[in-house]
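# Reading the structure
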Amino acid sequence: MSTIDDELIAALQDDGRASYSALAARLGVPRGTVSARLKALTESGRVRIVAAADPAFLGETCSAHVSIAGRGELSEVIEHLRGRDDIPLVSAISGAQDLVVEVRAADQDALFDVLAWIRSFEQVARISTVLYNDILRGSFVSDYGGGGRIDAIDSELVELLRHDGRMSYRDLAARVRLSPTAVRARVRRMVDSRILRISAVVTHTARAGRTKVGVGLHLGADDQAVIDRLMGWPEAEFAALTIGAFDLVATLSSGVPGEVFARLDELKGLAGVAGMETWFHLQTLKEDYSRAI
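No experiment lies behind these values; they were computed from the predicted model shown.

## Regarding the overall build of the chain
The helix and strand inventory of the chain stands at ten helices and ten strands. Relative to the compact-globule value of 19 Å for 293 residues, the chain shows a C-alpha radius of gyration of 19 Å, a close match. Dimensions of the chain, computed from C-alpha atoms along their principal axes, come out at roughly 55 × 40 × 40 Å. The buried share among the 293 residues of the chain stands at 48%. Long-range contacts, defined as pairs at least 24 residues apart, comprise 76% of the intrachain contacts of the chain with a sequence gap of at least 6. When the accessible surface of the chain is totalled, it reaches about 13,400 Å², and 48% of it is carbon and sulfur. When the 34 basic and 40 acidic side-chain charges of the chain are each reduced to a single mean position, those positions are 7 Å apart.

As structure tokens, then:
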């Protein structure tokens, strides 16, 4: 996968419905190049553009990164994890742990119930949990501030966009029996009020041609300098300040492995980094932040 694909994916993670012209201007390439690369990425299944409601709008105010170390065969555990709506991410990783999952819950009591459920499996040897205190970058987190309202037609539009975030306003309008102008206004209102986020999801498998590395950082006094540097990298797919075993958890991803490894070296050399642990994401087993609202 080329560097232009990485830049295109980063742009689509910021705005999954950005026009070809806007994407071309951001990348500094012809519009036709953007159109061809986006078509190749989506038709190959390597990238999906989907919509998801902000977790706070859904009442999910407590989120956590959970590492799972197993014993023996974990396929049954994985299937159970994938079946839960409050676990949007399941990934097989290398290292001392076998799986990483993300849990989104209404509150800490609900989170504890999910963690207890995970620990109840005989194949789960132990888990390690860090709470997200502040998500700095995430494809489906939009800082919902409250006060937003939706109706039945909005819900119908979200349902359609969950499966195809770039469905044309004309096609959306035909499905909900409104004009394209009215549909555009409704989608724009949900995005602007931060109820809805439309973004790119990158498929990660052995054949996807991407390197994806999780990073856990122990921060020193100069933590803001680390955050500023990390947030300036297109390879930083996810980043959150956390409470627990790490002060910050991030995911770096690129179609060029050398770019990820260079970023890891750069992180280790920052004065504000007191320690760092990494793990390779071997295969994303589930990544689905969308649900009916």
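Past the structure itself, the notes keep going.
## Quick notes on the pattern of salt bridges
Taken as a whole, this structure holds 15 salt bridges when the rule is applied. For the salt bridge of R186 with D154, the shortest nitrogen-to-oxygen distance reads 2.8 Å. Of this pair, R186 sits in helix α8 (residues 180–192) while D154 sits in helix α6 (residues 152–163); the two residues are 32 residues apart in sequence, bridging distant segments of the chain. For R186, a relative accessible area of 19% corresponds to the buried category. For D154, a relative accessible area of 1% puts it in the buried group. Among the salt bridges present, the one from E266 reaches R263, with a minimum N-O distance of 3.4 Å.

## Re the sheet that holds strand β2 (residues 62–70)
The strands making up a sheet associate through hydrogen bonds between their backbones, and the pairing can be parallel or antiparallel. Around the barrel, which closes on itself, the eight strands sit in the order β2-β4-β3-β10-β7-β9-β8-β5 with antiparallel pairing between neighbours. In this sheet, adjacent strand axes meet at a mean angle of 35 degrees when their direction is disregarded. Pairing analysis gives four bridges linking strand β3 (residues 89–93) to strand β4 (residues 99–105), with the strands arranged antiparallel. Its bridge partner lying in β4, S91 is registered against V100. Sheet strands touched by helix α5 (residues 108–119): β2, β4 and β5 (124–137). Its angle to β5, the strand with the most contacts, is close to 150 degrees.

## A few points about the layout of surface pockets
By volume, the largest pocket amounts to about 320 Å³. Along its surface, the largest pocket is lined by 21 residues, and D14, V191, L196, R197 and I198 are the ones closest to its centre. Elements with a minimum of two residues in the lining of the largest pocket: β5, α8 and β6 (196–202). Along the lines of polarity and charge, the residues of the lining of the largest pocket split into nine nonpolar, three polar and nine charged.

## Here's the deal with the pairing of β4
Burial within β4 is extensive, with seven of its seven residues counted as buried. A two-sided burial pattern is seen for β4, the buried positions comprising L99, V101, V103 and A105 on one face and V100, E102 and R104 on the other. Two strands pair when backbone bridges link them, and β2 and β4 are joined in this way by seven bridges, in the antiparallel orientation. Residue A64 lies in a different strand from β4, and its bridge partner there is V103. Taking the residues that link successive antiparallel strands as the turn, the β3-β4 hairpin has five residues, and the phi of G95 there is positive, at about 110 degrees.

What counts and how
- Residues numbered from 1 in each chain as written.
- Predicted model: local features only at pLDDT ≥ 70, side-chain atom pairs only at ≥ 80, totals over all residues.
- Heavy atoms only, no water.
- Helix = DSSP H or I, 4+ residues; strand = E, 2+ residues; numbered from the N terminus.
- Rg over C-alpha atoms; globule rule 2.2 N^0.38 Å.
- Buried < 20%, exposed > 50% of the residue type's maximum accessible area, 1.4 Å probe, protein only.
- Contact = heavy atoms within 4.5 Å.
- Areas by Shrake-Rupley, 256 points an atom, 1.4 Å probe, with all protein chains shown as cover.
- Lys, Arg positive; Asp, Glu negative; His and termini not counted.
- Charge placed at Lys NZ, Arg CZ, Asp CG, Glu CD.
- Salt bridge = Lys/Arg side-chain N within 4 Å of Asp/Glu carboxyl O.
- Pairing = 2+ DSSP bridges.
- Axes fitted to C-alpha atoms, helices over the stretch in contact; angles between N-to-C directions.
- 1 Å grid on protein atoms, 1.4 Å probe; cavity = no way out; pocket = protein on both sides within 12 Å on 5 of 7 lines; lining within 4 Å.
- Points joined across faces, edges and corners; volume = space filled by probe spheres on them.
- Nonpolar A, V, L, I, M, F, W, Y, C, P; charged D, E, K, R; others polar.

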